[in-house]
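Below are the chains, spelled out letter by letter.
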Amino acid sequence: MAKQRILYVSPEISPYLPDSEIARLGRALPTAFHGKKFEARTFTPNFGNVNERRNQLHEVIRLSGINVPINDADHPLIIKVASMQPSRIQVYFIDNDDYFQKLDSDVDNVGSNRDDNDERVIFFSRGTADTARKLRWEPNILHVSGWISALVPLYVKKVFSDGISFKDTKIIYTVLDEPTPNGIDANIFKLLREDGFKDDMVAPFEEMEANADILHKIGMTYSDAVIFNNRTPNPELVKYAESLNLPVLFLNPEEFAIDKYQELYQSLLNNEA
C-alpha cells in the first residue's frame, strides 16, 4: 500500500531556528509521522537567523526565480532545501531578502512586530502554495500552522486548485501559542484584491474587524479541520471555528499528543475514502 503523504507548513523548525516550543513542535510532528505509513515534507520561512552553511541549505534552481508582485513591487521567490537529520525529511525554505532577513528591531524569531507582516504573510503563503504545486508531490494532508502560514489554505483552494496537486488534499489549520503580529489591518484586503482575489472571496472578511484574528479566520474558513494548540484559546476564534461545522481539536502545547494528531489525520483520510 502506498504511503499517505503529509505536507507540513510551520513557522519555526528546530534546529534551524533557536530553540522554542513552536520550533520543537515543527520538528516533532513530521518526525513522528514520517515512516512506514506516512511520508512527510515540510515548508518554513528562511528567516535571517537560519544558519544556511551549518544546516547545509542549497537553492533549488528549478523552483526559484519567479517574482511575486505585492504592493506595486516585484519580490523574488527563492527556494532552498535541506534534509532534517536523522530522518532525512526534506525541508523547503521560502526565502526573500525583502521579507525574511533578520532586522535589529525584531523582537522574536519571526519578526512579529514588523509593520509589513501583511505583505510577508501573503508572500510566504503564495510562495508555499505555488512551490508545493510545482513539486507535483500530492499531499493527502496539508497541515498548516501559525499566522505566517494562515493564507496557505486560501491560495490552495482558490488559486492553485485547477490542477491535480491538491485535488483530494485535506487541510488542517492550527492556531499556535505565538505573539500577535503587527501590521494586519484593512490593507490586507487591498493586497488580496491586487493579487487577483474576487470580491466574493474578500468581502465576507471585510465585514469583520480587521486585526490579526482575521488571518486565523481565513485559515479556518478554507480548511477541513482546526486545531487550537495554545494554552488559552481565544473564545471568539473558538466560536468562529465551531460555526464552520469543522472538526475542532484542543491541545496543550506543553504536551505532544501524537495519538490525537493521528486520530484527526485518520478521520480526515477515512472521510476522503
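So, on to helix H2 (residues 117-135). Taking 1.5 Å of rise per residue, the 19 residues of H2 would be expected to cover 27 Å, and the 27 Å separating its terminal C-alpha atoms lies within 8% of that figure. With 17 of 19 residues buried, H2 is to be regarded as a mostly interior element. Arg-136 occupies a position one or two residues after H2 and carries a positive phi of about 55°.

Right, let's get into the side chain of Glu-12. Here Glu-12 lies in the loop between strand E1 (4-9) and helix H1 (21-33). This buried residue, Glu-12, is left without a salt bridge; Arg-24 holds the nearest opposite charge, at 9.1 Å. A polar atom in the side chain of Glu-12 sits 2.9 Å from the side chain of Ser-20. Ignoring any residue separated from it by four or fewer positions in sequence, one finds Glu-12 in contact with Leu-17, Ser-20, Ile-22, Ala-23, Gly-26, Thr-44, Asn-109 and Val-110.

Further remarks concern the environment of Glu-59. Positionally, Glu-59 belongs in strand E3 (residues 58-59). Taking relative accessible area as the criterion, Glu-59 reaches 37% and is therefore assigned partly exposed. For the pair Glu-59 and Glu-206, spaced 147 residues apart in sequence, the C-alpha separation works out to 38 Å. The contact partners of Glu-59, leaving out residues within four places of it in the chain, are Ser-64, Ile-78, Ile-79 and Lys-80.

Cut-offs applied
Residues numbered from 1 in each chain as written. Predicted model: local features only at pLDDT ≥ 70, side-chain atom pairs only at ≥ 80, totals over all residues. Heavy atoms only, no water. Helix = DSSP H or I, 4+ residues; strand = E, 2+ residues; numbered from the N terminus. Expected span 1.5 Å × (residues − 1). Buried < 20%, exposed > 50% of the residue type's maximum accessible area, 1.4 Å probe, protein only. Lys, Arg positive; Asp, Glu negative; His and termini not counted. Salt bridge = Lys/Arg side-chain N within 4 Å of Asp/Glu carboxyl O. Polar contact = N/O pair within 3.5 Å; in protein donor to acceptor, adjacent residues only side chain to side chain. Contact = heavy atoms within 4.5 Å.

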